[in-house]
Amino acid sequence: MLKSNLASKIVWPGNRDFAFTVFDDPDAQTIEGCRTVYDFLTDLGIQTTVGVWPCAPIREPNSEGETCGNESYLAYVQELQTRGFEIGYHNTTPHSSFTEEIAGGLHAFRTHFGIDRPITMANHYNAEAIYWGSDRLSGVRRSAYRLLQPGNSGRFFGHVRESPYFWGDLCQTNVRYCRNFVFREINSLQVCPYMPYRDPERPFVNYWYVSAEGADVESFVETLAEPNQDRLEREGGACIMYAHFGHGFVKNGQLDSRFRTLMQRLSKKNGWFVPVATLLDFLRDRNGGHEITSKQRASIEWHWLSRKLIRGTS
């Protein structure tokens with residue numbers, strides 16, 4: 001049962017008024033663009049999570065973007081880690097990987113970054129994505145998704161034991177937090193006050209978290225618009241932005257002016273600007289490691305599915 005104290009306003013560490021962070025997927029990322037964004041965030045004092053592919057592709061990639069197979073990129077990401085940014089996992093490489101390759105990718109991740117705790121991740125659209133596509137949903141909602149989004153159904157197998165892409169046991173051992181539903185609401189806690197949460201129907205993932213829509217620069221600045229910032233502050237909420245900083249945030253070596261202005265404005269507020277795992281650890285300590293109920297699962301799945309079909313959230 002959801003603990004009653006979750007209904008009360010959160011007292012954030014350091015008497016902060018709200019929490020804000022980003023999980024940045026590496027799709028379309030370049031070294032130059034990465035430096036431009038993260039040097040800017042460093043100057044603002046905003047620490048976030050940098051998603052990476054720990055291995056270079058060995059087959060045809062399904063996405064552009066730097067991997068840790070590039071030594072210069074790896075060195076910069078390691079530098080970001082020393083600045084206090086969290087390094088997150090975005091599957092092994094930008095193409096589907098078999099079980100033994102995933103095991104190697106997780107080993108490479110830990111070798112690169114020396115992380116001895118369970119890691120934070122977000123699925124890429126590889127075949128080994130775990131509980132993805134229609135399997136993000138349950139019951140009639142899964143059936144509705146398969147009917148309305150047939151191209152995204154039956155192509156993700158990370159949780160399927162008999163699949164060569166299975167890595168559920170590795171996920172249980174290596175990953176603490178995995179991103180699932182994305183909403184256009186800036187206050188992620190408003191739509192999911194019990195995150196991070198366990199889902200007994202999806203046991204290979206230890207805890208799930210939700211995010212706010214910011215997949216490209218247009219959606220990011222829409223979500224982070226001034227009235228939304230002020231609402232997040234007023235509500236004392238938490239925002240975990242879903243982003244690809246490689247998608248339009250830097251052009252001709254320059255930051256998008258709207259992104260720059262909004263982030264500068266946000267940084268001047270009394271926010272708790274920490275990486276995703278730091279935020280989720282705090283919330284998990286508060287909610288005791290909540291296990292989602294059938295009613296809560298149905299509510300959040302209907303909420304996401306209706307908006308996915310209307311507005312195309314991730």
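The structure under discussion appears in the preceding block.
Conventions used here
Residues numbered from 1 in each chain as written. Predicted model: local features only at pLDDT ≥ 70, side-chain atom pairs only at ≥ 80, totals over all residues. Heavy atoms only, no water. Helix = DSSP H or I, 4+ residues; strand = E, 2+ residues; numbered from the N terminus. Buried < 20%, exposed > 50% of the residue type's maximum accessible area, 1.4 Å probe, protein only. Contact = heavy atoms within 4.5 Å. Areas by Shrake-Rupley, 256 points an atom, 1.4 Å probe, with all protein chains shown as cover. Lys, Arg positive; Asp, Glu negative; His and termini not counted. Charge placed at Lys NZ, Arg CZ, Asp CG, Glu CD. Phe/Tyr/Trp six-rings, centres within 6.5 Å; stacked < 30°, edge-to-face > 60°. Core = buried A, V, L, I, M, F, W, Y, C linked by side-chain atoms within 4.5 Å. Salt bridge = Lys/Arg side-chain N within 4 Å of Asp/Glu carboxyl O. Pairing = 2+ DSSP bridges. Right-handed = clockwise from strand over helix to strand, strands pointing away. Patch = residues over 30% accessible without salt bridge, like charges linked within 9 Å, V, L, I, M, F, W, Y side chains within 5 Å. Axes fitted to C-alpha atoms, helices over the stretch in contact; angles between N-to-C directions. Parallel < 35°, antiparallel > 145°, perpendicular 65-115°, else oblique. Left-handed = near helix turned anticlockwise from the far one by under 90°. Nonpolar A, V, L, I, M, F, W, Y, C, P; charged D, E, K, R; others polar. Polar contact = N/O pair within 3.5 Å; in protein donor to acceptor, adjacent residues only side chain to side chain.

J.: Residue-level account of the overall build of the protein, with values.
T.: Each helix and strand counted, the protein has eleven helices and twelve strands in total. By residue count, 56% of the 314 residues in the protein fall in the buried class. Counted over contacts in the protein with a minimum sequence separation of 6, partners at least 24 positions apart contribute 82%. Accessible surface, the protein: about 12,700 Å² in total, of which carbon and sulfur atoms supply 49%. Across the protein, 34 positive and 36 negative side-chain charges occur, with their mean positions spaced 7 Å apart.

J.: Give me the lowdown on the packing of aromatic side chains, citing residues and values where you can.
T.: Tallying each qualifying case throughout the model produces 26 aromatic pairs. On the basis of an interplanar angle of 35 degrees and a centroid distance of 5.4 Å, the ring pair of tryptophan 12 and phenylalanine 282 is categorised as tilted. A residue pair is termed long-range when its members are at least 10 positions apart, and tryptophan 12 in the segment before strand 1 (18-24) and phenylalanine 282 in helix 10 (residues 276-287) qualify at 270 residues. Residue classification places tryptophan 12 among the buried positions, given a relative accessible area of 2%. Accessibility expressed as a relative area gives 22% for phenylalanine 282, which makes it partly exposed. With a centroid separation of 5.8 Å and an interplanar angle of 75 degrees, the aromatic rings of tyrosine 194 and tyrosine 197 are classed as edge-to-face.

J.: How would you sum up the nonpolar core? Please name residues and give values.
T.: The nonpolar side chains of a soluble globular protein tend to be buried, and buried together. The biggest cluster of nonpolar side chains holds 88 residues, and the ones touching the most others in it are Phe20, Tyr38, Phe220, Phe245, Phe259 and Met263. When residues of this core are assigned to their parent elements, the largest contribution, six residues, is made by helix 1 (residues 31-44). Apart from the residues within four sequence positions on either side, phenylalanine 245 is in contact with Val22, Asp24, Asp25, Gln29, Val37, Tyr38, Leu41, Phe220 and Phe259.

J.: I'd like to hear about the pattern of salt bridges, residue by residue, with values.
T.: Opposite charge on two side chains allows them to pair when their charged atoms are near. Applying the stated criterion to the full structure yields 22 salt bridges. A salt bridge links arginine 179 to aspartate 25, with the shortest nitrogen-to-oxygen separation between them at 2.8 Å. Within this pair, whereas arginine 179 is found in strand 5 (residues 175-183), its partner aspartate 25 is found in the loop between strand 1 and helix 1, the two being separated by 154 residues in sequence. On the accessibility criterion, arginine 179 (4% relative accessible area) is buried.

J.: Tell me what's going on with the pairing of strand 2 (residues 49-52), and back it up with residues and numbers.
T.: Where burial is concerned, the two faces of strand 2 agree: the one with Thr49 and Gly51 and the one with Val50 and Val52 are both buried. As paired elements, strand 1 and strand 2 share two bridges and run parallel to each other. Counterpart to aspartate 24 in the pairing with strand 2 is valine 50. Viewed along the sheet, the connection from strand 2 through helix 2 (residues 71-82) into strand 3 (residues 86-89) turns out right-handed.

J.: Describe in detail a nonpolar patch on the surface, supporting the description with residues and values.
T.: A cluster of nonpolar side chains, Leu147, Leu148 and Leu309, forms an exposed patch at the surface whose accessible area comes to about 310 Å². Within the secondary structure layout, leucine 147 lies in helix 4 (residues 139-148). On the accessibility criterion, leucine 147 (70% relative accessible area) is exposed.

J.: Give me the lowdown on the environment of asparagine 252, citing residues and values where you can.
T.: Inspection of the secondary structure puts asparagine 252 in the loop between strand 9 (250-251) and strand 10 (254-255). Taking the C-alpha atoms as reference points, asparagine 252 and glutamate 32, separated by 220 residues in sequence, lie 10.0 Å from one another.

J.: Please give an account of the packing of helix 8 (residues 226-235) against helix 9 (residues 257-267) that cites residues and values.
T.: In the contact formed by helix 8 and helix 9, the axes pass within 11 Å of each other and the chain directions differ by 20 degrees. With respect to helix 9, the axis of helix 8 lies roughly parallel. Like other packed secondary-structure pairs, helix 8 and helix 9 cross with a definite hand, here right-handed. Taking contact as the criterion, the partners of Glu226, Gln229 and Asp230 in helix 8 are, on helix 9, Leu262, Arg265 and Leu266. For the contact of helix 8 with helix 9, a count of residues per class yields two nonpolar, one polar and three charged.

J.: Can you lay out unusual backbone geometry for me, pointing to particular residues and giving the numbers?
T.: Proline 196 follows methionine 195 through a cis peptide bond whose omega is -5 degrees. Within the fold, proline 196 resides in the loop between helix 6 (188-191) and strand 6 (197-198).

J.: Before we move on, could you go through the side chain of glutamate 301 and cite the residues and values that matter?
T.: Note that glutamate 301 resides in helix 11 (residues 294-311). A relative accessible area of 1% places glutamate 301 in the buried class. A polar atom in the side chain of glutamate 301 sits 3.0 Å from the backbone nitrogen of serine 138.

J.: Describe the environment of tyrosine 197, listing the residues and the values that go with them.
T.: Among the secondary structure elements, tyrosine 197 is positioned in strand 6. Owing to a relative accessible area of 2%, tyrosine 197 belongs among the buried residues under this scheme.

Interpretation in functional terms is not warranted from these geometric data alone.
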